[in-house]
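One-letter residues, chain by chain:
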Amino acid sequence: MITFTDGQLVLIPGFFVLIGAAPIAAWIWRRGADRRWTFMALLALAHITLVVALTIFPIPIGGQDFYRQTRGMSEDNIVPFATIAGQLQHLSPNTIRQLFGNVVALAPLGIYGPALWPALRDWRRFAVLAVAFAVGIEACQYAGSLLEGFTYRVTDIDDAIMNASGAIVAFFVWRAIQAPAAAADPAAR
């Protein structure tokens, strides 16, 4: 098995997510749907694969004892806007990168979600999905830390707030772009 290390930890790298994504991509490609649907479905698959690879992986499979004894369960944040306020007070290239990364992490969902699933064209349904997706990421990270016995992936409600906000803004941008295009298309009438 291909692994790598980080300090004391032996880890399964994030590119292992591609093993599951490859047959799904082949199915999408061979499905024979129109080009727009195929593009959006491949965008959705690439985005979800990347999000899982970056937020859940790498997964520790050895060497956790050192961290269980020295780190334990710490650093999680369940107070809304606490991390965001701290980052805004102490702006640096790293905090700007973190803030920007959290805002754009789920933004592609605001484009392919309503394009693939018409029910998500209602902003309320889309907002519920975006919040559920963002909270789901944080819940998976927390569950992973609980299973490991130490905070391996920090759970932060502010990450979920920023992720969902970015997706919702992208949804409204998508909707603003789609409205004039739909009005100009005589087939849409």
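Structural data are supplied above this passage.
Residues numbered from 1 in each chain as written. Predicted model: local features only at pLDDT ≥ 70, side-chain atom pairs only at ≥ 80, totals over all residues. Heavy atoms only, no water.

Student: Go over helix α2 (residues 35-55), please, and point to the residues and values.
Tutor: Each turn of an α-helix holds 3.6 residues, which means side chains three or four residues apart point in the same direction. The end-to-end C-alpha separation of α2 is 30 Å, in line with the 30 Å expected for 21 residues at 1.5 Å each. Buried residues of α2: Thr 38, Met 40, Ala 41, Ala 44, Leu 45, His 47, Thr 49, Val 51, Ala 53 and Thr 55, and no others. Residues of α2 that are buried sit in contact with α1 (17-30), α6 (109-116) and α7 (123-148). Of the residues that open α2, the one with a side-chain oxygen 3.1 Å from the backbone nitrogen of Arg 36 is Asp 34. (Helix = DSSP H or I, 4+ residues; strand = E, 2+ residues; numbered from the N terminus. Expected span 1.5 Å × (residues − 1). Buried < 20%, exposed > 50% of the residue type's maximum accessible area, 1.4 Å probe, protein only. Contact = heavy atoms within 4.5 Å. Polar contact = N/O pair within 3.5 Å; in protein donor to acceptor, adjacent residues only side chain to side chain.)

Student: A description of the packing of aromatic side chains should follow, citing residues and the corresponding values.
Tutor: With the rule as written, the count across this model stands at 8 aromatic pairs. Relative to Phe 171, the ring of Phe 126 has its centre 4.8 Å away and its plane inclined at 15°; by these criteria the two rings are stacked. Note that Phe 126 is positioned in helix α7 and Phe 171 in helix α8 (residues 157-184), a separation of 45 residues in sequence. For the pair shown, Phe 126 and Phe 171 are each scored as buried. (Phe/Tyr/Trp six-rings, centres within 6.5 Å; stacked < 30°, edge-to-face > 60°.)

Student: Give a detailed account of the nonpolar core, specifying residues and quantitative values.
Tutor: By size, the foremost hydrophobic cluster in this structure holds 22 residues, and its most contacted members are Leu 106, Tyr 112, Leu 116 and Phe 126. Only α1, α2, α6, α7 and α8 provide two or more residues apiece to this core. When near neighbours in sequence (up to four residues on either side) are disregarded, Leu 116 contacts Trp 37, Met 40, Ala 41 and Ala 44. One finds Leu 9, Leu 11, Tyr 67 and Tyr 152 within the second-largest nonpolar core, a separate group that totals 5 residues. (Core = buried A, V, L, I, M, F, W, Y, C linked by side-chain atoms within 4.5 Å.)

Student: Could you give an account of the pattern of salt bridges, naming the residues involved and the relevant values?
Tutor: It is possible for side chains of opposite charge to pair when their charged atoms get near one another. Within this structure, the stated rule accounts for 2 salt bridges. For Arg 68, the salt bridge identified is with Asp 65, shortest N-O distance 2.9 Å. With Arg 68 and Asp 65 both in helix α3 (residues 64-70) and 3 residues apart, this pair spans about one turn of that helix. What makes Arg 68 partly exposed here is its relative accessible area of 36%. Judged by relative accessible area, which is 49%, Asp 65 ranks as partly exposed. Arg 124 is the partner of Asp 122 in a salt bridge, and the nearest nitrogen-oxygen pair spans 3.2 Å. (Salt bridge = Lys/Arg side-chain N within 4 Å of Asp/Glu carboxyl O.)

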